[in-house]
Amino acid sequence: MRRENERIVYRTDFDKYVLISNFERLGWTRSTDEDFDIYWASVHNVRGLFNPEVLSKRLRDGQVVNHFPNHYELTRKDLMARNIKRYRRERERQALQEQAEERFLESLSSFASFAARKKGQSEPNLSMPQVDRVPPEWVPATYSLPNDYAIFVEEFRKSPNSTWIAKPTGKAQGRGIFLVSKLNQLKRWSNAPKEKNQQGQPLPFREPYIISRYISNPLLVGGKKFDMRLYVLVTSYRPLKVFLYRGGFCRFCVEQYSTDVAEIDNIFVHLTNVAIQKQAEDYNEQHGGKWAISDLMLFIESTRGRAASEKLASDMEQIIVHTLKAVQGIIVNDKHCFEMYGFDVLIDKDLRPWLLEVNASPSMTTTTEDDRLLKLRLINDVLNIAIQEKRGQLEGCDDDLILGDFACIFDEKPKVNLGTRSGEDPRSERNERSSSRGPRRSNSFSRTGYWR
Amino acid sequence: MIADYTHHYSLRVLSAEEAARGICEWEWLTDDVLRLDVAEHCANDVSYFPFDELVEALVLALSRDCEVGQLCESGLPQVPLVADAAGALAVQTSELREVRAGGQAMPPSGVVPFKGFSNYACPFAFLADRLETAYPIFRSFYCRHLCRLHTISDHPETLLSLCALFEQLVVSTAPRAAQHLQFVLDSSPLRYAFHWIVTGFVGSLPAEEVLQLWDRVLGFDSVALVPILAAAIVALRSKLILAARRPEEVQLVFSDISCVKAIPLLQSFLFAHELGADANWRTEHGSVLSAALAAKKAALVAPILEAKASIGEHDVGALSRLFRGEGPASTDTVEILLQPQGDCNA
């Protein structure tokens, strides 16, 4: 990866073992100022970096940063929900329109083939290329508080037995989250002491929250609730190029799941954040409640069959790609940027994946031995891919040695040597292909199955 | 906990007499032993920890199942503990019918748990998420195959003969490594592989590999595949063993086999000739397995390969699909398939 005698300089805002040890193993030198080749920044510093008013801080050619300027369109819970909602509406409208066109063309083609048969010719091909269908809703209904309070109350009243989960927009690690099954429980938010500004004066607004429909029938393994942490690397938004890490893991709750009303405030039953579960009495440091996704897939394949596990894996990839497409148009596609996201996905009893949130700075803290190894390899692969992508060295690359445990699940870059075949709709160039080189060998999470 | 599984339990499996006597509601001394075992092994394992409650239920249910002692084809794994009517520990006998006359085996199954016993139940937790589905399969497989892995007797294919098979295979396929361990390090391959054999590789190989191996045990109807795989792994790592100079280094060679692919390794070990001379099976000498050694190895595994011929339509694929619960909840089918050899071709 490194050119001969090349001296790479890195800068980092995090002194985490998994980061530093990778940088040092690669022989890179550390810097604390503007002289860097690659910067593993905190989201706070990135804001300053891309501030248009500070010209001196503009990035030079060849400098690489690990965040996009307006990543919050994806990583803030309220903005993500809003962007995805808008995207789905747009695509549905588009799909309806194209359906109408298709029906028109079908009627045309049946006339044309009738005419052709009369003339003794072969039937002309007037079929439309298939448009990617948007998957069914994958983000639970979300409302902002206080802005959407009235709409939320209306929705709440329509479904009387539903549970909702309230999360602060700006906090992480499960802080401030609570469940709501009765409207008066929202007093926890409305009566909360107001936030204070730097001078210690109370701000006029309450802390912004979002409230979403709680998925109360999650898939349980061993009677316990879990969610999944998937690592997704995006090296460019336009054209969109996405890599998914095979080593994602499930985060388990320590307590058995229960929909009992009495347990609604028991965060050890409902919230899967490691920061929270760590404080539980029965927390186990050997495995840290982290379970490999490959084990989950084995379990699903064993109990529900291969088709179900493959469908789940494919659905998860679909929602990742469509989530990124939802913000594709608004993210500033700065060529210096790449980003490694932490997607939090929950699966319900019907094996339907739900996106809970996207993290711009997934935790680099490690809780167990396996976890440390996983994150070390993750960072290694991320650095590898990011640097080579930015140098344009990864054209059409499927080589595992380079991609490591990542797999490219989406690549919009048109191939240079692909000409349109005669008769093919020129719009097919715009159609998304799902791999950089023909159909992908294997799905990112599906296993090779029993040897026959 | 006890109330839970007696509720879910299929009463067909427990004898009605026992249910009436309320044995199920009693705590057995071995219960705590088993619970501790689950807490030490299953609950700490990165692959099996979500299933700790189910595994606990499976082993507790097995320990209360009076028919297990009779179902074990190779006899009781060890001399059972017996309490007479007064509750005191009576004279020990290895015949279960004598137990019935006077006292009560403790635990009722007659199988005394040992450290790591709960490992046997762990892979079954992947196959079914409910006790009533998982237990019959676990019980049948235990009585037919797994019990042999810790039975010390002169019955064929019990622990002693399995260890002997392992040692003979290692000596014939990796003689230098075996000698190195013996004379230079004052040890033996069996010392390191014993754990694999007794546990059936649970906890050493990844869950998927264990399930595939046990699939083949079911298909070949022989638990000898376990020591054969152990020998194959030793032969695979023979070069590393030869390079080891201290006991710690040997320990390292045997400590992590999580990247071993069990089935390809077994296949190349057993069927190298059928796969052709260019199959990558080489002894430590770097030469393809010589004819003499091959013949010796073939003689050892021939009885197992013969069994393969009698499986007929019950091929491995079908059996593993059974484990996946595809098709109707098939405890009946499991019992038919696991009947003694003679009925297999019916």
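Residues numbered from 1 in each chain as written. Chains lettered and ligands numbered in written order. Predicted model: local features only at pLDDT ≥ 70, side-chain atom pairs only at ≥ 80, totals over all residues. Heavy atoms only, no water.

- An unreviewed UniProt entry annotates chain B as TBC1 domain family member 19 of Durusdinium trenchii.

- By the naming in an unreviewed UniProt entry, chain A is ATP-grasp domain-containing protein, taken from Durusdinium trenchii.
- What the UniProt record of chain A gives under Sequence similarities (unreviewed entry) is the line "Belongs to the tubulin polyglutamylase family." (UniProt positions renumbered as here; feature names shortened; annotations may be inferred.)

1. Observations regarding the overall build of chain B
Part 1 of the reasoning: Assigned secondary structure in chain B consists of 20 helices and two strands.
Part 2 of the reasoning: A total of 346 residues make up chain B; the buried ones form 55% of that total.
Part 3 of the reasoning: Taking as baseline every contact in chain B between residues at least 6 positions apart, the subset at least 24 positions apart corresponds to 72%.
Part 4 of the reasoning: Summed over all atoms, the accessible surface of chain B reaches about 15300 Å², with 58% contributed by carbon and sulfur. (Helix = DSSP H or I, 4+ residues; strand = E, 2+ residues; numbered from the N terminus. Buried < 20%, exposed > 50% of the residue type's maximum accessible area, 1.4 Å probe, protein only. Contact = heavy atoms within 4.5 Å. Areas by Shrake-Rupley, 256 points an atom, 1.4 Å probe, with all protein chains shown as cover.)

2. Description of the overall build of chain A
Part 1 of the reasoning: If you tally the helices and strands in chain A, you get 12 helices and 16 strands.
Part 2 of the reasoning: Here chain A holds 452 residues, and the buried ones make up 49% of them.
Part 3 of the reasoning: In chain A, of all internal contacts separated by at least 6 residues, the share reaching a separation of at least 24 is 70%.
Part 4 of the reasoning: Summed over its atoms, the accessible surface of chain A is roughly 23200 Å², and 49% of this surface lies on carbon and sulfur atoms.

3. So, the sheet that holds strand β6 (residues 164-168) of chain A
Residues and elements named next belong to chain A.
Part 1 of the reasoning: In space, the four strands of this open sheet follow the order β5-β8-β6-β7, with antiparallel pairing throughout. What marks the edges here is a single partner per strand, and that holds for β5 (142-145) and β7 (178-180). Ignoring strand direction, the axes of neighbouring strands in this sheet form an average angle of 30 degrees.
Part 2 of the reasoning: Direction of pairing for β6 relative to strand β8 (residues 209-213): antiparallel, over a ladder of five bridges. Note on β8: the bridge partner recorded for Trp-164 is Arg-213.
Part 3 of the reasoning: Here helix α5 (residues 149-158) sits on the sheet and contacts β5, β6, β7 and β8; the angle it forms with β5, its principal contact strand, is near 135 degrees. (Pairing = 2+ DSSP bridges. Axes fitted to C-alpha atoms, helices over the stretch in contact; angles between N-to-C directions.)

4. What to know about the pattern of salt bridges
All names here are of chain A.
Part 1 of the reasoning: Under the defined criterion, the tally for this structure stands at 31 salt bridges over all chains.
Part 2 of the reasoning: Among the ionic pairs, Arg-377 bridges to Asp-405, the shortest N-O distance being 2.9 Å. Of this pair, Arg-377 sits in helix α11 (residues 369-390) while Asp-405 is found in the loop between α12 (400-403) and β16 (406-411), placing the two residues 28 residues apart along the sequence.
Part 3 of the reasoning: What makes Asp-405 partly exposed here is its relative accessible area of 22%. (Salt bridge = Lys/Arg side-chain N within 4 Å of Asp/Glu carboxyl O.)

5. Notes on the environment of Ser-161 of chain B
Residue and element names in this part refer to chain B.
Part 1 of the reasoning: Relative to the helices and strands, Ser-161 resides in helix α9 (residues 159-173).
Part 2 of the reasoning: Given the relative accessible area of 31%, Ser-161 is considered partly exposed.
Part 3 of the reasoning: Note: C-alpha distance between Ser-161 and Ile-197 (36 residues apart in sequence) is 11 Å.

6. Observations regarding the side chain of Ser-236 of chain A
Part 1 of the reasoning: Note that Ser-236 of chain A resides in strand β10 (residues 224-236).
Part 2 of the reasoning: Separated by 2.5 Å, the side chain of Ser-236 of chain A and the backbone oxygen of Pro-239 of chain A make a polar contact. (Polar contact = N/O pair within 3.5 Å; in protein donor to acceptor, adjacent residues only side chain to side chain.)

7. Some thoughts on the pairing of β8 of chain A
All names here are of chain A.
Part 1 of the reasoning: In terms of residue burial, β8 counts as a mostly covered element, since four of its five residues are buried.
Part 2 of the reasoning: Of the pairings in the sheet, the one linking β5 to β8 comprises four bridges and is antiparallel in character. Residue Tyr-143 lies in a different strand from β8, and its bridge partner there is Ile-211.

8. Some points on helix α12 (residues 207-220) of chain B
Given 3.6 residues to a turn, an α-helix orients residues that are three or four positions apart in the same direction.
All names here are of chain B.
Part 1 of the reasoning: Over its 14 residues, α12 extends 20 Å from the first C-alpha to the last, a length consistent with the 20 Å expected when each residue adds 1.5 Å.
Part 2 of the reasoning: For α12, a buried count of 14 out of 14 residues is recorded, marking the element as mostly surrounded by other parts of the structure.
Part 3 of the reasoning: Residue Asp-221 follows α12 closely and has a positive phi angle near 55 degrees. (Expected span 1.5 Å × (residues − 1).)

9. Observations regarding the nonpolar core
Part 1 of the reasoning: Formed by 139 residues in total, the largest nonpolar core has its most connected members in Tyr-237, Trp-291, Leu-296, Leu-324 and Phe-343 of chain A together with Tyr-142 and Phe-201 of chain B.
Part 2 of the reasoning: In terms of residues, this core owes the most to one element, helix α13 (residues 225-236) of chain B, which gives 10 residues.
Part 3 of the reasoning: In this structure Phe-343 of chain A touches Met-228, Arg-229, Leu-230, Val-232, Ile-320, Thr-323, Leu-324, Leu-355, Glu-357 and Val-358 of chain A, once residues within four positions along its chain are discounted. (Core = buried A, V, L, I, M, F, W, Y, C linked by side-chain atoms within 4.5 Å.)

10. Focus: the pairing of β16 of chain A
Residue and element names in this part refer to chain A.
Part 1 of the reasoning: Of all six residues making up β16, six are buried, and the element is well covered by its neighbours.
Part 2 of the reasoning: Pairing of strand β11 (residues 241-245) with β16 involves five bridges; the strand directions are antiparallel. Along β16, the bridge assignment pairs Lys-241 with Asp-411.

11. Considering helix α8 (residues 131-144) of chain B
Part 1 of the reasoning: Between its terminal C-alpha atoms α8 of chain B stretches 20 Å, which fits the 20 Å expected from 14 residues at 1.5 Å a residue.
Part 2 of the reasoning: Within α8 of chain B, 12 of the 14 residues are buried, leaving the element largely enclosed by the surrounding structure.

12. Examining the packing of helix α11 (residues 189-199) of chain B against α13 of chain B
All names here are of chain B.
Part 1 of the reasoning: One way to put it is that α11 packs onto α13 with a least axis distance of 9 Å and a crossing angle of 145 degrees. With respect to the hand of their crossing, α11 and α13 are arranged in right-handed fashion. Where α11 approaches α13, its residues Ala-193, Trp-196 and Ile-197 are matched on the opposing element by Val-226, Pro-227, Ala-230 and Ile-233.
Part 2 of the reasoning: Considered class by class, the residues forming the contact of α11 with α13 number seven nonpolar, no polar and no charged. (Left-handed = near helix turned anticlockwise from the far one by under 90°. Nonpolar A, V, L, I, M, F, W, Y, C, P; charged D, E, K, R; others polar.)

13. Things to note about the environment of Cys-66 of chain B
All names here are of chain B.
Part 1 of the reasoning: Locating Cys-66 in the fold gives a position in the loop between α4 (52-64) and α5 (68-71).
Part 2 of the reasoning: Under the relative-accessibility criterion, Cys-66 is labelled buried at 6%.
Part 3 of the reasoning: Spatially, the C-alpha atom of Cys-66 lies 7.5 Å from that of Gly-110, the residues being 44 residues apart in sequence.

14. Digging into the packing of aromatic side chains
Part 1 of the reasoning: The tally for this structure, following the rule as stated, stands at 35 aromatic pairs over all chains.
Part 2 of the reasoning: Between Trp-291 of chain A and Phe-126 of chain B, the ring centres sit 6.0 Å apart and the planes meet at 20 degrees, which makes this aromatic pair stacked. You can see Trp-291 of chain A sitting in strand β13 (residues 290-292) and its partner Phe-126 of chain B sitting in helix α7 (residues 124-127), one on each of two chains.
Part 3 of the reasoning: For Trp-291 of chain A, a relative accessible area of 0% translates into the label buried.
Part 4 of the reasoning: By relative accessible area, which is 0% here, Phe-126 of chain B ends up buried.
Part 5 of the reasoning: Where Phe-114 of chain B meets Tyr-120 of chain B, the ring centres are 6.3 Å apart and the plane angle is 80 degrees; that geometry is what we call edge-to-face.
Part 6 of the reasoning: Following the ring pairs from residue to residue traces out a cluster consisting of Phe-226, Phe-252, Trp-291 and Phe-299 of chain A together with Tyr-48, Phe-49, Phe-51 and Phe-126 of chain B. (Phe/Tyr/Trp six-rings, centres within 6.5 Å; stacked < 30°, edge-to-face > 60°.)

15. Quick notes on the sheet that holds strand β4 (residues 64-65) of chain A
The strands that make up a sheet pair up through hydrogen bonds in the backbone, lying either parallel or antiparallel.
All names here are of chain A.
Part 1 of the reasoning: If you trace the four strands from one edge of the open sheet to the other, you get β2-β1-β3-β4, paired in parallel fashion. This sheet does not close on itself; its edge strands, each paired only once, are β2 (29-30) and β4.
Part 2 of the reasoning: Together, β1 (9-12), β2 and β3 (38-40) form the strand contacts of helix α1 (residues 17-25), whose direction differs from that of β1 by roughly 175 degrees.
Part 3 of the reasoning: Set on the sheet, α11 makes contact with β3 and β4; between it and β3 the angle comes to about 140 degrees.

16. Re the confidence of the model for chain A
Residue and element names in this part refer to chain A.
Part 1 of the reasoning: Here chain A shows a mean pLDDT of 81. Residues at 70 or above account for 81%.
Part 2 of the reasoning: Per-element averaging of pLDDT across chain A places α12 at the bottom with 70 and strand β14 (residues 339-347) at the top with 95.
Part 3 of the reasoning: Between residues 125-131, whose pLDDT stays under 50, and residues either more than four places distant or in other chains, the model counts 10 contacts.
Part 4 of the reasoning: Here residues 417-443 scores under 50 on pLDDT; set against residues more than four positions off or in separate chains, the count is 37 contacts. (pLDDT = per-residue confidence, 0-100.)

17. Here's the deal with unusual backbone geometry
Part 1 of the reasoning: The omega torsion of the bond from Leu-145 of chain A to Pro-146 of chain A falls at 10 degrees, within 30 degrees of zero and hence cis.
Part 2 of the reasoning: Within the secondary structure, Pro-146 of chain A is located in the loop between β5 and α5.
Part 3 of the reasoning: With omega at 5 degrees, the peptide bond leading from Arg-238 of chain A into Pro-239 of chain A counts as cis.
Part 4 of the reasoning: Relative to the assigned elements, Pro-239 of chain A resides in the loop between β10 and β11.
Part 5 of the reasoning: Although it is not a glycine, Leu-351 of chain A sits at a positive phi angle of roughly 60 degrees.
Part 6 of the reasoning: With respect to the secondary-structure elements, Leu-351 of chain A resides in the loop between β14 and β15 (353-359).
Part 7 of the reasoning: Residue classification places Leu-351 of chain A among the buried positions, given a relative accessible area of 11%.
Part 8 of the reasoning: Positive phi values are uncommon outside glycine, yet Asp-221 of chain B reaches one of about 55 degrees.

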